[in-house]
Amino acid sequence: MKKGMKTLIAGLLALGMIAGIAGCGKKQAGQMPPALVRTMPVIKQDTTVTYEYVGTIEAQDMAQVKPKVSGVIVAKHIKGGEIVKAGQALYTLDNRTYEANMLNAQAGLANARASEARAARDYQRYQMLVEKGAVSVQQFDNTKAEYEQLAAQVNASAAMLEKASIDYNDTVVRSPISGKLDTKDVDIGTYATAGTTVLTTVSNTSPVRVKFSMSETEYLRLARNTNAVVGKDMVSLYLSDGTVYPEKGLISEVDSILGQGTGTITMKATFNNPKELLLPGMFARVVTPGEFIKGALLVPQKAVQEQMDKKFISIVDAEGKAQLRSVTMGARVGELWIVESGLQEGDVVIVEGFQKAPNGAAVTPKPITMEELYPAKK
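Starting from 1, residues in each chain are numbered consecutively following that chain's sequence as written. Totals for whole chains, interfaces and linings use every residue, but because this is a predicted model, local features are given only for residues with pLDDT of at least 70 and side-chain atom pairs only at 80 or more, for both listing and counting. Hydrogens and water are ignored here; the side-chain numbers use all heavy atoms of the structure.

Draft legend 1. Structural detail: the pairing of strand β10 (residues 234–239). Direction of pairing for β10 relative to strand β11 (residues 249–254): antiparallel, over a ladder of two bridges. When the bridges of β11 are listed, methionine 234 appears paired with leucine 250. Across four bridges, the pairing between β10 and strand β13 (residues 283–300) is antiparallel. Within β13, the position partnered with leucine 239 by the bridge is alanine 284. Two strands pair if DSSP finds at least two bridges between them. Each helix corresponds to a stretch of at least 4 residues labelled H or I by DSSP, and each strand to a stretch of at least 2 residues labelled E; elements are numbered beginning at the N terminus.

Here it is in structure tokens:
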């Protein structure tokens, strides 16, 4: 019996040790330190909102130069990339056939005029004779008809000469507009077909237009809060290397209808281009003015958590615990984001470390500044 009691006591002691170890583990787990998070108070300040859109630079005028007559190019008066004026000679085509046609038309006109002069004299003479009864009315009518036919022939010959002269002059191909030539031009010896062969392209790039699109909602917001859509407010341009273009622009064109299937409306802004820095085909960001918001609440964009189509922000409450808030966000302003609802002035936002701080967990907050958060933005 004593041996049984000893065994029982030993078993109870073993169970006690196991329970003690388990209790110790629970105690240690409960003593895990709160997660360290970086925080920043909600920023409240008057803010002017701007909106950005990706745009494509277009020439104000762009013309493909095509010959009006066909022929072999015998002279080239320009170089690719050169700036030309409207009416300046660019190419010369072989004009021998057109010169011959013009000389032939001149001869035809001279012959027609000589025949008309003879018929005019006959017509005047027969007019006097028919009045005296010396010739019949039929003879007079025949003379009159011949005169009118030859007079019409003079007009036809003059038109043929004019057409031949135009063709001859068109063997010199001239620039339709002032601007800059591209480098894709044709060489001497090329046979150019009238209205088909593109000899070169001339672009007028001073000023230029920047084409961009915005949603229906964005257009309505822009129209309600600014005068930009009627060309009164200035817009800015950011180039692909991140620099700001020194000239301001004006919205000069607004499409009359919403794009089919896209739900967007197309606009064009005009920018002066005195140094020819902007070239057609370049991409740039158009920044349009927006509304002025007094006392806007802002948080760093890094603080916003996105899940599906919803957005959340973690704050530190008065008890030092993380609390997840559902928020409605507005426009982005640089590295900040406007909070339309869900936060209030005085809230302390978790900017870094919210992944380690689930809802209701105790945290150790450590303030952070914008300079620390975005060191490249100093």
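On we go.
Draft legend 2. Main features of the confidence of the model for the chain. Residue-level confidence of the predictor, termed pLDDT, takes values from 0 up to 100. Per-residue confidence for the chain averages 86 on the pLDDT scale, and 89% of its residues sit at or above 70. No element of the chain has a lower mean pLDDT than helix α1 (residues 2–30), which averages 47, and none a higher one than strand β5 (residues 89–93), which averages 97. Across residues 8–29 the pLDDT falls below 50, and counting only partners more than four positions away or on other chains, this stretch makes zero contacts in the model. Whether two residues touch is decided by their heavy atoms; if any such pair falls within 4.5 Å, the residues are in contact.

Draft legend 3. How the structure looks around the sheet that holds strand β3 (residues 71–76). Strand order in the open sheet made by the four strands is β6-β5-β3-β8, with antiparallel pairing throughout. Both outer strands of the open sheet, β6 (172–174) and β8 (191–192), are each paired with one neighbouring strand and no more. Direction of pairing for β3 relative to β8: antiparallel, over a ladder of two bridges. Paired with valine 72 across the bridge in β8 is tyrosine 191.

Draft legend 4. Representation of helix α2 (residues 96–132) in the model. Taking 1.5 Å per residue as the helical rise, α2 with its 37 residues ought to reach 54 Å, and the 55 Å between its terminal C-alpha atoms agrees with that figure. Of the positions making up α2, those classed as buried are Tyr98, Met102, Ala105, Leu109, Ala112, Ala119, Ala120, Asp122 and Tyr123. Those residues of α2 that are buried lie in contact with α3 (137–169). Of the residues flanking the end of α2, it is glycine 133, one or two places downstream, whose phi is positive at about 80 degrees. A helix is expected to span 1.5 Å multiplied by its residue count minus one. Buried means the residue's accessible area, taken with a 1.4 Å probe over protein chains only, is under 20% of the maximum for its type, while exposed means over 50%, and partly exposed covers the values in between.

Draft legend 5. Seen up close, the packing of α2 against α3. Following both chains from N to C, one finds α2 and α3 inclined at 160 degrees, their axes separated by 7 Å at the closest point. If you check the angle between α2 and α3, you find them roughly antiparallel. Here α2 and α3 pass one another in a crossing that is left-handed. Side-chain classes follow a simple rule in which Ala, Val, Leu, Ile, Met, Phe, Trp, Tyr, Cys and Pro form the nonpolar group, Asp, Glu, Lys and Arg form the charged group, and the remainder, Gly included, forms the polar group. Considering only residue class, the contact of α2 with α3 consists of 21 nonpolar, 10 polar and eight charged. Simply put, an axis is a line fit to the C-alpha atoms, just over the touching stretch for a helix, and the angle between two N-to-C directions goes from 0 to 180 degrees. Here the word oblique covers every angle except those under 35 degrees (roughly parallel), over 145 (roughly antiparallel) and from 65 to 115 (roughly perpendicular). Definitions for this section: a left-handed crossing has its near helix turned counterclockwise from the far helix by less than a right angle. A right-handed crossing has that turn clockwise.

Draft legend 6. Representation of the pattern of salt bridges in the model. Definition used for salt bridges: Asp or Glu carboxyl oxygen within 4 Å of a side-chain nitrogen of Lys or Arg. Applying the stated rule across the entire model yields 15 salt bridges. The residue glutamate 372 makes a salt bridge to arginine 38 at a minimum N-O spacing of 3.8 Å. Here arginine 38 lies in strand β1 (residues 35–41) and glutamate 372 lies in helix α5 (residues 370–373), a separation of 334 residues in the sequence. Lysine 311 is the salt-bridge partner of glutamate 306, the closest N and O atoms lying 3.9 Å from each other. Here the residues in one salt-bridge network are Arg118, Asp122, Arg125 and Glu146, joined through shared partners.

Draft legend 7. Main features of the nonpolar core. Here, nonpolar core refers to any group of buried Ala, Val, Leu, Ile, Met, Phe, Trp, Tyr and Cys residues whose side-chain atoms link them within 4.5 Å. Formed by 26 residues in total, the largest nonpolar core has its most connected members in Phe212, Met214, Leu237, Phe271 and Leu278. Secondary-structure elements contributing two or more residues to this core are β2 (43–65), β9 (200–215), β10, β12 (264–271), β13 and β17 (336–341). Not counting the four nearest positions on each side in its chain, leucine 278 is found in contact with Ile57, Thr205, Val208, Leu237, Leu239, Tyr245, Phe271 and Asn273.

Draft legend 8. Expanded view of the environment of threonine 217. Mapping threonine 217 onto the fold places it in helix α4 (residues 216–225). Looking at threonine 217, the relative accessible area reads 60%, which means it is exposed. Distance in space between the C-alpha atoms of threonine 217 and glycine 263 is 9.5 Å, their sequence separation being 46 residues.

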